[in-house]
Amino acid sequence: MPLLSKIFSASSVIAITFASLPAQAEVLFWSTQARPAEEAQAMRQNVLSGFAGGVDYQPNEEGPWLTRFLAEQQAGSGSIGVLGALHGNFSAIDPAQLVDLGDLGVSAASETFNNLSRLGTDSAQYIPWMQASYIMAANREALQYLPEGADIDALSYDQLIEWAANVHEATGQAKFGFPAGPKGLKHRFFEGYLYPSYTNGVVRTFASPEAVTAWEKFRELWSHTNPASTNFSFMQEQLLSGDAWIVFEHTSRLAQAFNERPDDFVAFPAPAGPAGRGFMPVLAGIAIPETAPDKEQSRALIEYLMTPEAQIATLRATSFFPVVDVDLPDDLPPAVKAAGDAVARMSGSADANPGLLPSGLADKSGDFDRVYNDTFERIILAGQPIGQVLEDQKRTLQKIMDETGAPCWAPDAPSEGACPVE
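Since the model is a prediction, treat every value here as computed from it, not as a measurement.

(A) The arrangement of the nonpolar core in detail. Core analysis: the biggest nonpolar cluster contains 138 residues, and F29, F218 and I246 have the highest contact counts within it. In this view, I246 contacts M136, A137, A138, A142, L160, W163, A164, V167, K175, F176, G177 and F268; residues no more than four positions away in its chain are not counted.

(B) Representation of empty space enclosed by the protein within the structure. If you walk through the whole model with that rule in mind, you get one cavity of 30 Å³ or more. By volume, the largest cavity is sized at about 30 Å³. What lines the largest cavity is I135, T251, L254, A255, F258, A335, A338 and A339. Of all the elements in the fold, those that place two or more residues in the lining of the largest cavity are helix 9 (255-260) and helix 12 (334-347).

(C) Quick peek at the pairing of strand 9 (residues 246-250). Of all five residues that make up strand 9, five are buried, and the element is covered over most of its length. Here strand 9 shows a buried face lined by I246, F248 and H250 and a second buried face lined by V247 and E249. Two elements, strand 7 (residues 134-139) and strand 9, share five bridges in a ladder whose sense is antiparallel. Within strand 9, the position partnered with M136 by the bridge is F248.

(D) Quick peek at the pattern of salt bridges. As enumerated under the stated definition, the model contains 17 salt bridges in all. The salt bridge partner of E403 is K364, with a shortest N-O separation of 3.4 Å. Residue E403 is located in helix 14 (residues 386-404), and its partner K364 is located in the loop between strand 13 (352-354) and helix 13 (365-381); the two are separated by 39 residues in the primary sequence. With relative accessibility at 47%, the residue E403 sits in the partly exposed group. Given the relative accessible area of 24%, K364 is considered partly exposed. Here the residues in one salt-bridge network are K364, D367, R370 and E403, joined through shared partners.

Basis of the calculations
Residues numbered from 1 in each chain as written. Predicted model: local features only at pLDDT ≥ 70, side-chain atom pairs only at ≥ 80, totals over all residues. Heavy atoms only, no water. Core = buried A, V, L, I, M, F, W, Y, C linked by side-chain atoms within 4.5 Å. Buried < 20%, exposed > 50% of the residue type's maximum accessible area, 1.4 Å probe, protein only. Contact = heavy atoms within 4.5 Å. 1 Å grid on protein atoms, 1.4 Å probe; cavity = no way out; pocket = protein on both sides within 12 Å on 5 of 7 lines; lining within 4 Å. Points joined across faces, edges and corners; volume = space filled by probe spheres on them. Helix = DSSP H or I, 4+ residues; strand = E, 2+ residues; numbered from the N terminus. Pairing = 2+ DSSP bridges. Salt bridge = Lys/Arg side-chain N within 4 Å of Asp/Glu carboxyl O.

Structure below.
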């Protein structure tokens, strides 16, 4: 192993020198992540600047990113040294076009993420790099009403419902808050949390008996939900106002509450159902194309990016959280530290069951999300029969899958061709 020397300061500039490596040409890091100018500059100056030999960090939209990668593969040679992208991007790539990284000796703390990185093979085809997600948050006033014996870091949906009911009874107000407003991310809850937790799927299992149970449970939870939730889109606002004491939300949409009043709120993992602790990781990875000009230097860059120091620097630069075990520095904003701890506990839980971001839907992504939003509106808001709604929406969902030809993604079992709605 090369000798590591490291310097880390509150300014987030790190320098990690692989002293045993000779000077090399810059590694072209071709990435779909950290595209905004400020983030890209932070990656160059604060994350990558200490790597021996240098890094040419070039972020791009997904279309140009894939086009150049495929062009180099077709040509049989290229200049891309390391690829950075979301799991869904790598899922669309033939694993034979990537260098097998099973012997690299670095991996994520979560075996769930490591399994995903194999892309259906027996070995890692990319290395999990960083993650974001959706979590739960609560006002500390609500903690006294937790069900007896409940662990806030390992709640079940039944316990969450009981907790919300206890708060409702004690205060006379429905204090669960849900982002069901026009700009809320409610569809991600159904796609990545409720469905995986109860059905171990999201497309195949859309109208299954387990899905009926999931909607029955959510209807119970809704009875203790602030009815104004249909106007809520950023739950940090309701935490701060006191309109909600227990909420589900994306980490970035909770930041204001934790940064302004960090002592008043707690962040914790999403609950678990019969099929596990469903959650939606926005998982990014790093890989090496078979056409990389200097594979050893590319491997060294990946090792560098997986060090705790580089993972923390990446968090500062991108607001994506580490995938390795790290102690977060005290000088991070309160929201980052709180959310990071919750995400780590959730992704590392023994019953973690990730529901990945939908992939392969092209311009039908909005239509796909609308199926789940419409199902919510019909079952929960309009009170229509669950089974009937699911059968109706099942046809719409199958049409979308057939038109796009999108194969299944986790936690659904893989498919040959379009993912079926069974």
